[in-house]
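Here is what each chain is made of, one letter per residue.
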Amino acid sequence: MKLRYIAARLIKTVLVAIAVVVLSFFLIRLAPGDVATVMAGQSGFADEAFIKNLRAEYGLDQPLPVQFWKYASAVAQGDLGTSYVRRQKVTAIILERLPNTLLLDAFALVVAAAGGIWLGMVAARKPGSAGDSAVTVLSMLFYAVPQFWLGMMMVLVFAVWLAWLPPFGIETMGAEYTGLARLGDIAQHIILPGMTLALYFLASYARLTRTAMIEMADQDFVKTARAKGISERQVARRHILRNALLPLVTYAGLQASILVGGSVLVENVFSWPGIGTLAYEAVKARDNPVLLGIFIVTALLVSLFNLITDIAYSVADPRVELG
Amino acid sequence: MAEPLVSIRDLTVSLPQGADRPLAVETVSLDVGRNEIVCIVGESGSGKSVTAHAIMGLLPRGVTATGGQILFGGADLLREAPEALRKRRGRDMAMIFQDPMAALNPVVCIGKQVTEQIRTHRAISEHQALNQAGELLGQMGLKDVAGLLKAYPHQLSGGQRQRVMIAMALSLSPQLLIADEPTTALDVTTQAQILKLIERIQAEREMSVLLITHDFGVVADMADRVAVMRHGHILESGTTSAVLGNPSHSYTRALIAAVPHGESALPPSPGVRPLVEVRGLTKRFRRGGLFSRGAVTTAVDDVSLTLSRGETLGIVGESGSGKSTLARCVIRLLDPDAGEVLLDGADIAHMKAGRLRPLRRRIQMVFQDPFSSLNPRQTVGDIITAGPRIYGEAPKQAHSRAAEMLELVGLNPQVMDRLPHEFSGGQRQRIGLARALMLKPDVLIADEPVSALDVTVQAQVLKLLDDVRMQMNLAMLFITHDMRVAAQVCHRVMVMRHGKVVESGPTRDIFAAPSDDYTKALLAAIPGRRQAI
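Residues numbered from 1 in each chain as written. Chains lettered and ligands numbered in written order. Predicted model: local features only at pLDDT ≥ 70, side-chain atom pairs only at ≥ 80, totals over all residues. Heavy atoms only, no water.

Caption draft 1: Expanded view of the overall build of chain A. In terms of helices and strands, chain A carries 14 helices and zero strands. Starting at the N terminus and ending at the C terminus, chain A contains elements arranged as α-α-α-α-α-α-α-α-α-α-α-α-α-α. Principal-axis analysis of the C-alpha atoms gives chain A an extent of 85 × 55 × 40 Å. Among the 323 residues that make up chain A, the fraction classed as buried is 43%. Within chain A, counting contacts between residues at least 6 apart in sequence, those at least 24 apart form 74% of the total. Summed over its atoms, the accessible surface of chain A is roughly 16600 Å², and 68% of this surface lies on carbon and sulfur atoms. Once the 27 positive and 22 negative side-chain charges of chain A are each reduced to a mean point, those two points are 9 Å apart. (Helix = DSSP H or I, 4+ residues; strand = E, 2+ residues; numbered from the N terminus. Buried < 20%, exposed > 50% of the residue type's maximum accessible area, 1.4 Å probe, protein only. Contact = heavy atoms within 4.5 Å. Areas by Shrake-Rupley, 256 points an atom, 1.4 Å probe, with all protein chains shown as cover. Lys, Arg positive; Asp, Glu negative; His and termini not counted. Charge placed at Lys NZ, Arg CZ, Asp CG, Glu CD.)

Caption draft 2: Here's a closer look at the pairing of strand β7 (residues 176-180) of chain B. All names here are of chain B. With five of five residues buried, β7 is to be regarded as a mostly interior element. Alternating positions in β7 separate into two faces, Leu176, Ile178 and Asp180 on one and Leu177 and Ala179 on the other, with burial throughout. Two elements, β7 and strand β8 (residues 208-213), share five bridges in a ladder whose sense is parallel. The partner of Ile178 across the bridge, within β8, is Leu210. Running through helix α7 (residues 188-205), the crossover from β7 to the neighbouring parallel element β8 is right-handed. (Pairing = 2+ DSSP bridges. Right-handed = clockwise from strand over helix to strand, strands pointing away.)

Caption draft 3: View of the nonpolar core. Residues and elements named next belong to chain B. By size, the foremost hydrophobic cluster in this structure holds 88 residues, and its most contacted members are Val6, Ile55, Leu137, Ile166, Leu176, Leu210 and Phe216. Top element by residues in this core is helix α6 (residues 158-170). It accounts for seven residues. Once residues lying within four places of it in the same chain are set aside, the contact partners of Ile55 are Val6, Ile8, Ile70, Leu77, Met93, Leu176, Ile178 and Leu210. Counting 49 residues, the second largest nonpolar core, distinct from the first, contains Val380, Ile431, Ala436 and Met476. (Core = buried A, V, L, I, M, F, W, Y, C linked by side-chain atoms within 4.5 Å.)

Caption draft 4: The interface of chain A and chain B, seen in detail. Residue-level contacts link 25 residues of chain A with 30 residues of chain B. Approximately 2400 Å² of surface area, both sides summed, lies buried where chain A meets chain B, with 58% of it carried by carbon and sulfur atoms. Counting across the interface, chain A meets chain B through two salt bridges. A salt bridge links Glu116 of chain B to Lys228 of chain A, with the shortest nitrogen-to-oxygen separation between them at 2.9 Å. Breaking the side of chain A that touches chain B down by element, the ones donating at least two residues are α1 (2-30), α9 (220-227) and α10 (232-244) of chain A. In terms of residue count, α9 of chain A provides more of the side of chain A that touches chain B than any other element does, six residues in total. Classifying every residue of the side of chain A that touches chain B by side-chain character gives nine nonpolar, five polar and eleven charged. (Buried area = accessible area lost by both parts, 1.4 Å probe. Salt bridge = Lys/Arg side-chain N within 4 Å of Asp/Glu carboxyl O. Nonpolar A, V, L, I, M, F, W, Y, C, P; charged D, E, K, R; others polar.)

Caption draft 5: Structural view of the sheet that holds strand β11 (residues 276-286) of chain B. Residue and element names in this part refer to chain B. A sheet is described by the order of its strands in space; here four strands give the open sequence β12-β11-β14-β15, paired in antiparallel fashion. Two strands in the sheet have a free side with no partner beyond their single neighbour: β12 (296-307) and β15 (346-347). Two elements, strand β14 (residues 338-343) and β15, share two bridges in a ladder whose sense is antiparallel. Looking across to β15, one finds that Leu343 is bridged to Ala346. Strands in contact with helix α11 (residues 323-330) are β11, β12 and β14; relative to β11, the strand with the most contacts, it is inclined by about 115 degrees. (Axes fitted to C-alpha atoms, helices over the stretch in contact; angles between N-to-C directions.)

Caption draft 6: Molecular detail of the pairing of strand β20 (residues 500-506) of chain B. All names here are of chain B. Pairing of strand β19 (residues 492-497) with β20, which is carried by six bridges, proceeds in the antiparallel orientation. From the neighbouring strand, Val493 faces β20, where its bridge partner is Gly505. The turn joining β19 and β20, which pair antiparallel and follow one another in sequence, is formed by two residues; a positive phi near 50 degrees is taken by His498.

Caption draft 7: View of the domain arrangement of chain A. All names here are of chain A. Structurally, chain A comprises domain 1 (2-76) and domain 2 (90-316). Spacing between the C-alpha centres of domain 1 and domain 2 amounts to 32 Å. Across the boundary between the two partners, domain 1 contributes 20 residues, which contact 17 residues of domain 2. A buried area of about 1500 Å², summed over both sides, lies between domain 1 and domain 2, and 72% of it is on carbon and sulfur atoms. In terms of surface lost to domain 2, no three residues of domain 1 exceed Arg9, Ile28 and Tyr71, which account for 31% of the buried area on that side. One salt bridge in this structure joins Arg9 and Asp310, with 2.6 Å as the shortest N-O distance. For the interface between domain 1 and domain 2, the tally reads one residue pair in polar contact (both at pLDDT 80 or more). (Domains from an automatic or database assignment. Polar contact = N/O pair within 3.5 Å; in protein donor to acceptor, adjacent residues only side chain to side chain.)

Caption draft 8: Local environment of empty space enclosed by the protein. Overall, the coordinates contain four cavities of 30 Å³ or more when judged by the stated rule. Of the volumes computed, that of the largest cavity is approximately 60 Å³. Looking at the largest cavity, the residues that line it are Thr224, Ala227 and Lys228 of chain A together with Gly90, Ala94, Met95, Ile96, Gln117, Met165, Met168 and Ala169 of chain B. Of all elements in the fold, only α9 of chain A together with β6 (93-96) and α6 of chain B reach the threshold of two or more residues within the lining of the largest cavity. Taken together, the residues that form the lining of the largest cavity break down as seven nonpolar, three polar and one charged. (1 Å grid on protein atoms, 1.4 Å probe; cavity = no way out; pocket = protein on both sides within 12 Å on 5 of 7 lines; lining within 4 Å. Points joined across faces, edges and corners; volume = space filled by probe spheres on them.)

Caption draft 9: Just helix α10 (residues 250-258) of chain B, in detail. Residues and elements named next belong to chain B. All of the buried residues in α10 are Tyr251, Thr252, Leu255, Ile256 and Ala258. Down the axis of α10, the buried set is contained in an arc of 165 degrees. They therefore lie on one face. For α10, the elements touching its buried residues are α8 (216-222), β9 (225-230), β10 (233-239), α9 (240-245) and α16 (455-472). (Arc of directions from axis to C-beta.)

Caption draft 10: Layout of the environment of Ala167 of chain B. Residue and element names in this part refer to chain B. Structurally, the position occupied by Ala167 is in helix α6. Sequence separation between Ala167 and Asn412 is 245 residues; the distance between their C-alpha atoms is 49 Å. Contact partners of Ala167, with chain neighbours within four places excluded, come to Leu136, Leu137 and Met140.

Caption draft 11: Quick look at a nonpolar patch on the surface. Residues and elements named next belong to chain A. Taken together, the side chains of Ile11, Val14, Leu15, Ile18, Val22, Phe26 and Leu64 define a hydrophobic patch exposed on the protein surface, amounting to about 580 Å² of accessible area. It is α1 that provides the largest number of residues to the nonpolar patch, a total of six residues. Relative to the assigned elements, Leu15 resides in helix α1. (Patch = residues over 30% accessible without salt bridge, like charges linked within 9 Å, V, L, I, M, F, W, Y side chains within 5 Å.)

Caption draft 12: Quick peek at the packing of helix α7 (residues 147-161) of chain A against helix α8 (residues 179-217) of chain A. Residues and elements named next belong to chain A. Contact pair α7 / α8: the axes reach a minimum separation of 10 Å and the direction vectors enclose 140 degrees. As summarised for this structure, α7 and α8 are arranged oblique, according to the angle between their axes. In terms of crossing hand, the pair formed by α7 and α8 is right-handed. On the side of α7, the interface is formed by Gln147, Leu150, Gly151, Met154, Val155, Phe158 and Ala159, while α8 contributes Leu192, Met195, Thr196, Leu197, Leu199 and Tyr200. (Parallel < 35°, antiparallel > 145°, perpendicular 65-115°, else oblique. Left-handed = near helix turned anticlockwise from the far one by under 90°.)

Caption draft 13: The pattern of salt bridges, seen in detail. Residue and element names in this part refer to chain B. This structure, assessed with the given rule, holds 39 salt bridges over all chains. Taking the shortest distance from any N to any O, the salt bridge between Arg225 and Glu36 comes out at 2.8 Å. Of this pair, Arg225 sits in strand β9 while Glu36 is found in the loop between β2 (23-32) and β3 (37-41), placing the two residues 189 residues apart along the sequence. Given the relative accessible area of 10%, Glu36 is considered buried. Two residues, Arg119 and Glu126, come together in a salt bridge whose shortest N-O distance is 2.7 Å. Note on Glu126: relative accessible area 25%, which makes it partly exposed.

Caption draft 14: Inspection of the side chain of Asp105 of chain A at higher detail. All names here are of chain A. In this structure, Asp105 sits in helix α5 (residues 90-125). Although Asp105 lies buried, it forms no salt bridge, and the closest oppositely charged side chain, Arg97, sits 13 Å away as judged by the N-O distance. Those residues within four positions of Asp105 in sequence are excluded, and the remaining contacts are Leu197, Leu259 and Val260.

Caption draft 15: Highlighting the sheet that holds strand β4 (residues 64-72) of chain B. Residue and element names in this part refer to chain B. Pairing within the open sheet is antiparallel, and its four strands lie in the order β2-β1-β4-β5. Each edge of the open sheet is held by one strand with a lone partner, namely β2 and β5 (75-76). Two elements, β4 and β5, share two bridges in a ladder whose sense is antiparallel. In the sheet register, Leu71 faces β5, and the bridge partner there is Asp76.

So, in structure tokens, the structure goes:
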């Protein structure tokens, strides 16, 4: 039953990927201008012949259906094409950047979930208390602050004024650290962009946890737990929190899906060499093969994360069956 | 008399500000002796549950015991340190609750939930505790114990869950078991089994049981002594035979009188041409999706019935018998898979929506839960005039008819501007009835209309339904799980089980001489039959 379900989901994932290929291929071409006009502009001596040559080189002079057929058949064979600008295989470029984005996401996910759940528990312990209000105010703040501004303030305070943490990149340029030293270096670099990404989600986790815990505390099985003579700590941990975490599984899956495409804003503010910065560069340069490749890989990953979320949920809640 | 195990002296419990009254319980005194079953009987809001929770030290936030004593083996529980009281819970006294589905943690397996209780109080290994848990479940009459220990609550039936709750409560051999309406959420036959189990365990272990109930039938079957509560006071208490045989307080007499007696007063109705005729109705439910084969359950299996004007047909069955699905098919809230529903000869089971619409007003329904069946954001006036306005009645006329209708169901017409939450359960059910009657239906389907109500209110609503049926010459389909209620209002009954009709006929005949074993079991399960009340 389970295997059957997972197989069915994977088939659906392929359907999603096909839809993404078709839609994004044509939608991207609705935007005016192409890579030839951008390159011509940059080179400074834009004559018609130059642009025509470029277009012919990239196959952009052919009719759209022909272009699509060529692209689609290449993708079907696992070839996402070649970047116009870098002249490298798109697959190679994305595979180089993807781990950085996933690392940043994982950091943000863990910080947001751990911090948010802890804050939510503190707030739910005594609803209406000073601690609860403080958590509410803090959450509202994190919700409301625009991410790019928060990122810049992070740089200003922690990198410029206090000089505690490096502001840009994933590691110190030219330091050539290896082993543990390199890990430590990356850890220092991840804190500012990671926190910037995490805070918004942290606020959501705090609010969700608080609400779910207050709701669960009213359930009959919590009364049963108290009637058993279990200590309040154990009641909160084993019975209230265990059930309150269920909706958070769904939310964590959602967060992973949102983040996997790379945060264009945050990665650019911190020059984090991930999918987000890559997408930004590709848009600027009209580097369509790269952009399409990002769309396809992201769509596949989102489908995959959704599947993982559903499986995780059915494990966490025995009442839910896959299918 | 030997010193009682529990002695409540002048207990007063206050409610938080803004509640409908300042005190939940006022100067209540009650003893529970060793080796006896004491019942507290009362309707909702009487303070019976609060009293029980006060003993356990489990009063909800904001509700506090402000006066009196609760002596347990001589020690005053109200003055005990929270930690000492916590250690008593589960060890010296244990409690089981009304809804065994809600009372078990849905994401923790049964074994773990039982061992948690044992290991909180005793330093033994999980393995030893699990062995004990298995033994206990066996003693509760549960089968396949090894499988049960690994199962989750949703995989168990209601009766099994309540047995698990009882096993858990008894795991440390407490001296006192408090059971707060332990069978109210269960089917009648299961209810009888659980009550028997509690009785057996009490006798075997010679423990004290405090049983909270609203049902005098349960009191008659179970209790050694009984206390009647109302509005936070104990009105009278004494041995069960004394209170039942010779009640001194008028409220007690009213409560006892309100218990349906399970004897049918109504003669079968004269056979006239039926208004509704159901033939071979079948409804199946499928589960499954795009890529998976679904499982099929037949909820209603080849059911036929007739219903005439002025007649009430009772459909009796336990949960899962298909009685509600049948009702929903008759009113075409569900599309049946096979069979016909003839209303005045026209088959409405397969009629197109457009042709069906004008006929819809002729069949109306009153639902079980008066709390969720009324839109909380609409005024009573809006709710009961919505139907006629949809059928094109002028708002002014609908409004004046609504006033008459409210009067008919025993409500003040001035309540029209108020919202549903301002009414009690019984009043809401009257509003629901007024809503249905506004469309001048020929057929009224009442789906468990009184099972969410207190006994005295239940009696009033049943009487109202019967009066309305006579006045408006309605054909009534009355769905219930309660044989006693069916006996009171139905001319004929149809007993359903697993989607099939097992027996049907005039109520009097079926109650006097049931032919089917299942019907016999249902009748035998009625509480209070062992001791006439």
